[in-house]
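Listed below are the residues making up each chain.
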Amino acid sequence: MLARSSSRWLAPGNPGMLSPASSQFPGYRRAHAVKGELYSPSFQRKGTRPFNEVPGNWKTGWFNLYHFWQEGGFHNVHNIMARQFQKFGPIYREKLGIYESVNIINPEDAATLFKSEGMFPERFTVSPWVAYRDHRNKPYGVLLKNGEAWRFDRLILNKEVLSPQVMANFVPLLNEVGEDFVRRVRVQIEKSGRGKWTADFTNELFRFALESVCHVLYGERLGLLQDFVDPEAQRFIDAVSMMFHTTSPMLYIPVKLFHWINSKTWQDHVKAWDVIFMQADKCIQNVYRAKEYTGILSTLLMQDKLPIDDIKASVTEMMAGGVDTTSMTLQWAMFELARSPGVQEQLRTEIFAAKQAAQGDMLKMLKSVKLLKAAIKETLRLHPVAITLQRYTTQEMVLQDYCIPAKTLVQVGIYAMGRDPKFFVKPEQFNPERWLMMETKYFKGLGFGFGPRQCLGRRIAELEMQLFLIHHNARKQVKAKPEWHKDHPQLMQ
Ligand code: HEM
């Protein structure tokens, strides 16, 4: 049940967000590190070491890719990367298939990178996602755009999706779904007559997450928390999983090749995106019919600041991005809490006190659950949705004394950083309090990315997870069986 999600959103190894060929936007040239001719390898600032001396295996891309797949490839990328940092130190250069990058782990280096990212930060290109849109002639949303076009859309979307002013609109919508989920679990437990409920919890949480994100996007309930689930909605969930699943094999090899030979992976990828776009389109059509304000989509449509096709593209991306991200994080949070009964007890005490003080005012309550927020941060430290954050350097910079040319793909290994004792004391321990006490959190809490290109759905995700965990932990503590996991070592990986 708690196997690492095969559908990680945005990792390097996990595809991440991507950039289309942005040559369509004048004045903005797509940065791409792969092509050696974009920089001079001999570039070097005084007193620093040249780029070609960065340690790592970056001379044999195809050989490395072969080894990468042998070691479990995409599904093991987090461990492979942590090992590479141990082998080469805090910076290494690698080439996998056609992609080359410089990988860093040190928070100070992450700060150097992000502080210089400029107005148009750009991530790793997830070529299969772009290839699908080009194949079906669909517009890119904010996830896939770059340059001026990205910034224009992003600033408008930020106001409706990320700004503190709109949070109050989301709380009742997400609260309702969180309450319903917990109610459903209790009903199922009672119905079973055994005091427990056996279910495919991953899928239950997928349904919860899709229900939540759709409620804020479309102001509509899909009815996914009922016993009978619309098969179309389940198809959407399966399609999101399939879309991620088929992305990884096509990451480091030119997608054109898969397309050209019409491989099964490419066919499945196209089918998955077709279902995602079709379902999103259906939801969008329903909002057109609604008469009153309902959710983010209708606000964007009423404002009329973005072309309808661009709104649809970004809303579709948000719908697809809002499923396995929050659901997997919640699953990991519950796993960590279950094996740390002391922390769970503290959380319950905090939630109980906040509830008493807030007297039904959810917004007020959310302001006073610091440990809960820290627990989510701690979950993302140990189990980040994205294994790395990526940026193309906008200028020459020095990292760990090495000169890194402009337009180089640099990946911040946030999974490896989160588990390194140099940056976190006793990193293997789930200890949310570290986020409340730590003197410096400088560039360490990067689960949602950083800067103007950080996760657009961050506030929605945070609220959704906080409200879920509030309802999940709102009951009086039933004495937990301590250290049950010792009997289940396979769950400890
Ligand atoms: C636990 C939940 C989530 C995590 C950990 C997460 C993490 C991330 C990360 C790391 C990025 C890349 C940021 C960067 O490069 O600096 C990202 C981007 C993005 N996320 Fe999330 N995400 C989550 C949930 C969501 C949800 C619920 C939505 C939609 C409502 C969403 C929509 C997006 C979009 C559209 C982008 C691309 C933004 C852009 O390129 O401008 N995410 N997310």
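The structure presented is a predicted model; accordingly, all values stated were derived computationally and were not measured.

Draft legend 1. Spatial organisation of a nonpolar patch on the surface. Taken together, the side chains of Leu257, Trp260 and Ile261 present a nonpolar region at the surface, about 400 Å² in accessible area. In this structure, Ile261 sits in the loop between helix 9 (255-260) and helix 10 (264-289). Classification of Ile261 as exposed rests on a relative accessible area of 54%.

Draft legend 2. Molecular detail of the coordination of the iron atom of the ligand. Looking at the protein side alone, the iron atom of the ligand has one donor only, Cys455 (SG), at 2.2 Å. Within the secondary structure layout, Cys455 lies in the loop between helix 18 (434-437) and helix 19 (458-472).

Draft legend 3. Fine view of the packing of aromatic side chains. A full pass over the atoms with the stated rule returns 21 aromatic pairs. Here the aromatic rings of Tyr99 and Phe124 are separated by 4.7 Å at their centres, their planes lie at 65°, and the arrangement is edge-to-face. Of this pair, Tyr99 sits in strand 2 (residues 99-104) while Phe124 sits in the loop between helix 3 (107-115) and helix 4 (127-136); the two residues are 25 residues apart in sequence, bridging distant segments of the chain. Considered together, Tyr99 and Phe124 belong to a single accessibility category, that of buried residues. Each residue in the set Phe68, Trp69, Tyr99, Phe124 and Tyr252 is aromatic and connected to the rest through ring pairs, giving one cluster. In this arrangement the basic side chain of Arg93 is found over the ring face of Phe51, its NZ or CZ atom lying 4.0 Å from the centre.

Draft legend 4. Spotlight on the state of the cysteines. As enumerated under the stated definition, the model contains zero disulfides in all. Of the cysteine sulfurs around Cys214, a residue in no disulfide, the closest is that of Cys283, at 4.9 Å. With a relative accessible area of 6%, Cys283 lands in the buried category.

Draft legend 5. Highlighting the UniProt feature "binding site: heme" (unreviewed entry) in the protein chain. Per the UniProt record, "binding site: heme" (unreviewed entry) is annotated on Cys455. Not counting the four nearest positions on each side in its chain, Cys455 is found in contact with Arg154, Leu162 and Phe448.

Draft legend 6. Main features of helix 12 (residues 308-321). Spanning 14 residues, helix 12 covers 20 Å between terminal C-alpha atoms, matching the ideal 20 Å at 1.5 Å per step. Of all 14 residues in helix 12, 12 are buried; the element is thus mostly enclosed. Those residues of helix 12 that sit buried are Asp310, Ile311, Lys312, Ala313, Ser314, Val315, Thr316, Glu317, Met318, Met319, Ala320 and Gly321.

Draft legend 7. Representation of helix 3. Listed as buried for helix 3 are Pro107, Asp109, Ala110, Ala111, Leu113 and Phe114. Its side-chain oxygen 3.1 Å from the backbone nitrogen of Glu108, Asn106 forms the N-cap of helix 3.

Draft legend 8. Molecular detail of the nonpolar core. Membership of the largest hydrophobic core comes to 144 residues, with the highest contact counts inside it found for Tyr218, Ile404 and Val412. With 11 residues, the top contributor of residues to this core is helix 10.

Draft legend 9. Quick peek at the packing of helix 11 (residues 295-303) against helix 12. Helix 12 packs onto helix 11 with a crossing angle of 165° between their chain directions and a minimal axis gap of 10 Å. For the element pair helix 11 / helix 12, the angle class is roughly antiparallel. Relative to helix 12, helix 11 is oriented so that their crossing is right-handed. For the pair helix 11 and helix 12, contact is made by Leu297, Leu300 and Leu301 and by Ile308, Ile311 and Val315, respectively. The residue inventory of the contact of helix 11 with helix 12, partitioned by class, reads six nonpolar, no polar and no charged.

Draft legend 10. Here's a closer look at the pattern of salt bridges. Counted under the stated rule, the structure contains 26 salt bridges. Two residues, Lys264 and Asp268, come together in a salt bridge whose shortest N-O distance is 2.8 Å. Linking Lys264 with Asp268, this pair stays in helix 10, spanning four residues, or about one helical turn. Notably, a salt bridge pairs Arg381 with Glu378, separated by 2.8 Å at the nearest N-O pair. Note that Arg381 and Glu378 are positioned in helix 16 (residues 370-382) at a spacing of three residues, about one turn of the helix. Like Arg381, the residue Glu378 is buried in the burial classification.

Draft legend 11. Molecular detail of unusual backbone geometry. Phi at Gln400 is positive, roughly 50°, even though this residue is not glycine. As for its placement among the helices and strands, Gln400 is situated in the loop between strand 4 (397-399) and strand 5 (402-404). Even without being glycine, Phe443 reaches a positive phi, approximately 50°. Structurally, Phe443 is set in the loop between helix 18 and helix 19. Since its relative accessible area comes to 12%, Phe443 is described here as buried.

Draft legend 12. Representation of the sheet that holds strand 1 (residues 91-96) within the structure. Taken together, four strands build an open sheet; the order of strands is 1-2-6-3 and the sheet is mixed. A single partner strand is all that each edge strand has here, and the edge strands are strand 1 and strand 3 (388-392). Mean inter-strand twist for the sheet, computed between neighbouring axes without regard to direction, equals 30°. Across five bridges, strand 3 lies against strand 6 (residues 409-413) in antiparallel orientation. When the sheet's bridge partners are listed, Thr388 is paired in strand 6 with Gly413.

Each value, and the rule that gives it
- Residues numbered from 1 in each chain as written.
- Predicted model: local features only at pLDDT ≥ 70, side-chain atom pairs only at ≥ 80, totals over all residues.
- Heavy atoms only, no water.
- Patch = residues over 30% accessible without salt bridge, like charges linked within 9 Å, V, L, I, M, F, W, Y side chains within 5 Å.
- Areas by Shrake-Rupley, 256 points an atom, 1.4 Å probe, with all protein chains shown as cover.
- Salt bridge = Lys/Arg side-chain N within 4 Å of Asp/Glu carboxyl O.
- Helix = DSSP H or I, 4+ residues; strand = E, 2+ residues; numbered from the N terminus.
- Buried < 20%, exposed > 50% of the residue type's maximum accessible area, 1.4 Å probe, protein only.
- Donors = N, O, S within 2.8 Å, 3.2 Å for Na, K, Ca; no water.
- Phe/Tyr/Trp six-rings, centres within 6.5 Å; stacked < 30°, edge-to-face > 60°.
- Lys NZ or Arg CZ within 6 Å of the ring centre and 35° of its normal.
- Disulfide = S-S within 2.5 Å.
- UniProt positions renumbered as here; feature names shortened; annotations may be inferred.
- Contact = heavy atoms within 4.5 Å.
- Expected span 1.5 Å × (residues − 1).
- Polar contact = N/O pair within 3.5 Å; in protein donor to acceptor, adjacent residues only side chain to side chain.
- Core = buried A, V, L, I, M, F, W, Y, C linked by side-chain atoms within 4.5 Å.
- Axes fitted to C-alpha atoms, helices over the stretch in contact; angles between N-to-C directions.
- Parallel < 35°, antiparallel > 145°, perpendicular 65-115°, else oblique.
- Left-handed = near helix turned anticlockwise from the far one by under 90°.
- Nonpolar A, V, L, I, M, F, W, Y, C, P; charged D, E, K, R; others polar.
- Pairing = 2+ DSSP bridges.

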